[in-house]
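Each chain, written out:
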Amino acid sequence: MTGLSTEWSRSMGLEAPIVNAPMGGVAGGALAAAVSRAGGLGMVGMGSAGSPEQLEAELRHLSGLDRPFGIGLVDWVVSQKPRLLDVALAARPALLAVSFGDNSTWVRRAHDSGVLAAAQVADLRSAHQAVAAGIDVVIARGAEGGGHGEPRVSTLPLLAEVLDELPVPVLAAGGISSGRALAAVLAAGASGAWIGTAFMACTEGSASEPSRRALLGARDTDTVTTRAFDVALGYAWPEQLPERVLRNEFGDQWTGREEALAAADEARAELAAAIIADDHRLAPVNAGQGVGRLRSVRSAADVIAEMCGDARRLLDRW
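Quick look at the overall build of the protein now. Counting secondary structure elements, the protein contains 16 helices and eleven strands. Taken over C-alpha atoms, the radius of gyration comes to 18 Å for the protein, in line with the 20 Å a tight globule of 318 residues would show. Here the C-alpha coordinates of the protein stretch approximately 55 × 40 × 40 Å along the principal axes. Out of the 318 residues belonging to the protein, those deemed buried represent 55%. Taking the intrachain contacts of the protein between residues at least 6 apart in sequence as the baseline, contacts between residues at least 24 apart amount to 63%.

Below, the structure is given as structure tokens:
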């Protein structure tokens, strides 16, 4: 037991008010199972390259799991591959998050299947729209968060606004990589924390060893938001949804020059080769602004225990 809970986490059958962000390419079934076994809500993530077959493969890691888990999808990817939603609902997750789009028809399907619906929002207006669409849990994703998202408002200002106005549970996301940060968002009134970067270097995650080394060597100022990698790789992420990554040579060269990059065949081929070689001088590594708190490669259980223990001590003292 972590000794830390909220009304929402207890209602979900969790022992800790922690959800791992469904990071495509990193948060597979093994990480989700580890987070759930440690008392949080493990989320299997399907990013822009996800497929129904890939989701089915990752869900096998959850076979026999006697704890709640969730699944995270990308709205515009579901539109292109509708069977993703079928596979996700058939798995009967406790929570289904479909983010980064305006289509809300999936919410009714989730409710009809007895599944709670969640979505990430970047500002107060989109938070109200989510609730109007029937979303059960809102994730207030601040601009500090790693990976894709609208970098519109920082986590604490966004959280303060939505908590004052929304009638549904709100999870805080963006920059939460320590027990102190967890305590801060819980003290503000969040029902839990949606955490990505702190789990990036976990043993159960799918990050490569070179990616983990890059994360552990990064400082708090070493992340940037960019569209350069999406443009170079031909990913169809909308312009308003850049990704926050570790700063590197490729991003420095091409951020702000995306139109030229689209025609730079040699540069795009060089990036593709660097990704295969795991060369992060050029290849991207998603990370939020809390990356400076990463110190070592650890299990998900160790991350949750330390964050909850530190947060509990701080909240008790306050």
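The next point concerns the sheet that holds strand β10 (residues 223–226). Reading across the sheet, the three strands line up as β7-β11-β10 and stay open at both edges, with antiparallel pairing between neighbours. Edge positions in the sheet fall to β7 (147–148) and β10, since each has one partner strand and no second. For β10 and strand β11 (residues 243–246), the ladder comprises four bridges, and the chain directions are antiparallel. Within β11, the position partnered with T225 by the bridge is R244.

In terms of nonpolar packing, the biggest core is built from 98 residues, with L55, L73, L96, L182 and F199 touching the most fellow members. By residue number, the principal contributor to this core is helix α16 (residues 300–317), which donates seven residues. Ignoring anything within four residues of it in the chain, the contact list for F199 reads I18, N20, M23, L31, V35, A300, V303 and I304. Judged by nonpolar contacts, the second largest core, of 14 residues, contains A228, A267, L271 and A283.

Bringing helix α7 (residues 124–132) into the picture now. Restricting attention to buried positions, one finds in α7 the residues L124, S126, A127 and A130. All buried residues of α7 fall inside an arc of 160° around its axis, so they share one side. Of the exposed residues in α7, those oriented more than 90 degrees away from the buried face are R125 and A132. Of the surrounding elements, those touching the buried residues of α7 are β5 (116–121), β6 (137–141) and α8 (155–165). One or two residues past the end of α7 sits G134, with phi positive at roughly 100°.

It is worth spelling out the packing of aromatic side chains at this point. Within the structure shown, the criterion is met by four aromatic pairs. With a centroid separation of 5.3 Å and an interplanar angle of 85°, the aromatic rings of W76 and W237 are classed as edge-to-face. With W76 in helix α4 (residues 75–80) and W237 in the loop between α12 (228–233) and β11, this pair connects stretches of sequence that are 161 residues apart. Accessibility expressed as a relative area gives 13% for W76, which makes it buried. Centre to centre, the rings of F250 and W254 are 6.5 Å apart; their planes meet at 40°, and the pair counts as tilted. With F250 and W254 both in helix α13 (residues 249–254) and four residues apart, the pair spans about one turn of that helix. Accessibility classification places F250 together with W254 in one group, the buried group. Among the aromatic residues, those joined into a ring-pair cluster are W76, F100 and W237.

This part covers unusual backbone geometry. Although it is not a glycine, F100 sits at a positive phi angle of roughly 70°. Its location among the elements puts F100 in the loop between β4 (95–99) and α6 (105–112). Positive phi is not limited to glycine here, since D278 has a value of about 60°. Judged by relative accessible area, which is 26%, D278 ranks as partly exposed.

Bringing the packing of helix α3 (residues 52–59) against helix α5 (residues 83–90) into the picture now. Packed helices, taken two at a time, are described by the angle between their axes plus the distance between the axes. Running from N to C, α3 and α5 cross one another at 20°; their axes reach a closest spacing of 8 Å. Classed by the angle they form, the pair α3 and α5 counts as roughly parallel. For the element pair α3 and α5, the recorded crossing hand is right-handed. Taking contact as the criterion, the partners of P52, E53, L55, E56 and L59 in α3 are, on α5, R83, L84, V87 and A88. Across the contact of α3 with α5, the residue classes break down as six nonpolar, no polar and three charged.

Once that is clear, we can look at the pattern of salt bridges. Per the stated rule, a full pass over the model turns up 15 salt bridges. Two residues, R83 and E53, come together in a salt bridge whose shortest N-O distance is 3.2 Å. Residue R83 is located in helix α5, and its partner E53 is located in helix α3; the two are separated by 30 residues in the primary sequence. In this structure, E209 engages R212 in a salt bridge whose closest nitrogen and oxygen atoms are separated by 3.9 Å. Residue E209 and its partner R212 are both found in helix α11 (residues 209–216); the two are separated by three residues, about one turn of the helix. Using a relative accessible area of 41% as the deciding quantity, one classes E209 as partly exposed. Taken together, the shared-partner salt bridges in this structure form one network comprising E53, E56 and R83.

Cut-offs and rules
Residues numbered from 1 in each chain as written. Predicted model: local features only at pLDDT ≥ 70, side-chain atom pairs only at ≥ 80, totals over all residues. Heavy atoms only, no water. Helix = DSSP H or I, 4+ residues; strand = E, 2+ residues; numbered from the N terminus. Rg over C-alpha atoms; globule rule 2.2 N^0.38 Å. Buried < 20%, exposed > 50% of the residue type's maximum accessible area, 1.4 Å probe, protein only. Contact = heavy atoms within 4.5 Å. Pairing = 2+ DSSP bridges. Core = buried A, V, L, I, M, F, W, Y, C linked by side-chain atoms within 4.5 Å. Arc of directions from axis to C-beta. Phe/Tyr/Trp six-rings, centres within 6.5 Å; stacked < 30°, edge-to-face > 60°. Axes fitted to C-alpha atoms, helices over the stretch in contact; angles between N-to-C directions. Parallel < 35°, antiparallel > 145°, perpendicular 65-115°, else oblique. Left-handed = near helix turned anticlockwise from the far one by under 90°. Nonpolar A, V, L, I, M, F, W, Y, C, P; charged D, E, K, R; others polar. Salt bridge = Lys/Arg side-chain N within 4 Å of Asp/Glu carboxyl O.

So far we have only geometry, and geometry alone does not tell us how the molecule works.
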